[in-house]
Amino acid sequence: MSATNIIDTAPLGALVRYTDGSPKPPARFTKKLAAWERSNGVGRLVKKEPPRVYPTWTAPAFFTLHEGNFSSDGVILVTIMRSHSADSRLIFEVAEVPKAGQVRVLLDFGGNTELLHLAESVTAAELWIAREGYRNARLEIVGAEEGERAGGADLAA
């Protein structure tokens, strides 16, 4: 599947796997392995951006994957996010979509929506918001079919 298909069809919170199609090199080749890992991985879809028109050029649409966190003593020190443009040559696939009943914690800004957290329940989402301190976040319950909201409405946080 292409990057454009991910932008058009994958829901926020989906796990997206990407690859360049090359085989993984042996661990003893550390530089080759590091280069391979930059083009092959998996992440949670947290943001989709439409194309942006500037006076001299147009930036293509892109999406951002959250690939993980590095933490120490329960404190997140570094968050790894990777953005892929709609014209990327990588091959993408949706490995998993959010389950019905899960709750997306979303933040709207600049005309776009970003996934902050994917919780198992409304209670867990509200506890996460209280702990992290996002005042403008909103909750969205994942429906049985993507695009349909369970209960038919968004919840304000």
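The notes below deal with the structure included here.

1. Digging into the overall build of the chain
Helices and strands together make up the secondary structure of the chain, namely three helices and 11 strands. Taking contacts inside the chain between residues at least 6 apart in sequence as the whole, the part at least 24 apart equals 51%. Per element, the accessible surface of the chain, about 9700 Å² overall, is 54% carbon and sulfur. Averaging the coordinates of the 18 positive side-chain charges in the chain and doing the same for the 19 negative ones gives two points 9 Å apart.

2. Focus on the nonpolar core
Ile6, Val16, Tyr18, Leu45, Phe63, Leu65 and Phe92 are the most contacted members of the largest nonpolar core, which totals 16 residues. Breaking this core down by element, the ones donating at least two residues are α1 (3-9), β1 (15-19), β2 (41-49) and β5 (62-72). Looking at which element gives the most residues to this core, the answer is α1, with three residues. Setting aside its immediate chain neighbours within four residues, Leu45 contacts Ile6, Ala10, Pro11, Leu12, Gly13, Ala14, Val16, Phe63, Thr64, Leu65 and Leu115. Val103, Ala125, Ile129 and Ile141 belong to the second largest nonpolar core, which has nine residues in total.

3. As for the packing of aromatic side chains
Inspection of the entire model under this criterion finds four aromatic pairs. Note on Tyr18 and Phe92: the rings are 6.3 Å apart at their centroids and 45 degrees apart in plane angle, and the pair reads as tilted. Here Phe92 lies in strand β7 (residues 91-96) and Tyr18 lies in strand β1, a separation of 74 residues in the sequence. What makes Tyr18 buried here is its relative accessible area of 2%. Ring geometry for Tyr54 against Trp57: centres 5.3 Å apart, planes inclined by 20 degrees, an arrangement best described as stacked. Looking at Tyr54, the relative accessible area reads 38%, which means it is partly exposed. The cationic tip of Lys32 hangs over the ring face of Phe29; the distance from NZ or CZ to the ring centre is 5.1 Å.

Conventions adopted
- Residues numbered from 1 in each chain as written.
- Predicted model: local features only at pLDDT ≥ 70, side-chain atom pairs only at ≥ 80, totals over all residues.
- Heavy atoms only, no water.
- Helix = DSSP H or I, 4+ residues; strand = E, 2+ residues; numbered from the N terminus.
- Contact = heavy atoms within 4.5 Å.
- Areas by Shrake-Rupley, 256 points an atom, 1.4 Å probe, with all protein chains shown as cover.
- Lys, Arg positive; Asp, Glu negative; His and termini not counted.
- Charge placed at Lys NZ, Arg CZ, Asp CG, Glu CD.
- Core = buried A, V, L, I, M, F, W, Y, C linked by side-chain atoms within 4.5 Å.
- Buried < 20%, exposed > 50% of the residue type's maximum accessible area, 1.4 Å probe, protein only.
- Phe/Tyr/Trp six-rings, centres within 6.5 Å; stacked < 30°, edge-to-face > 60°.
- Lys NZ or Arg CZ within 6 Å of the ring centre and 35° of its normal.

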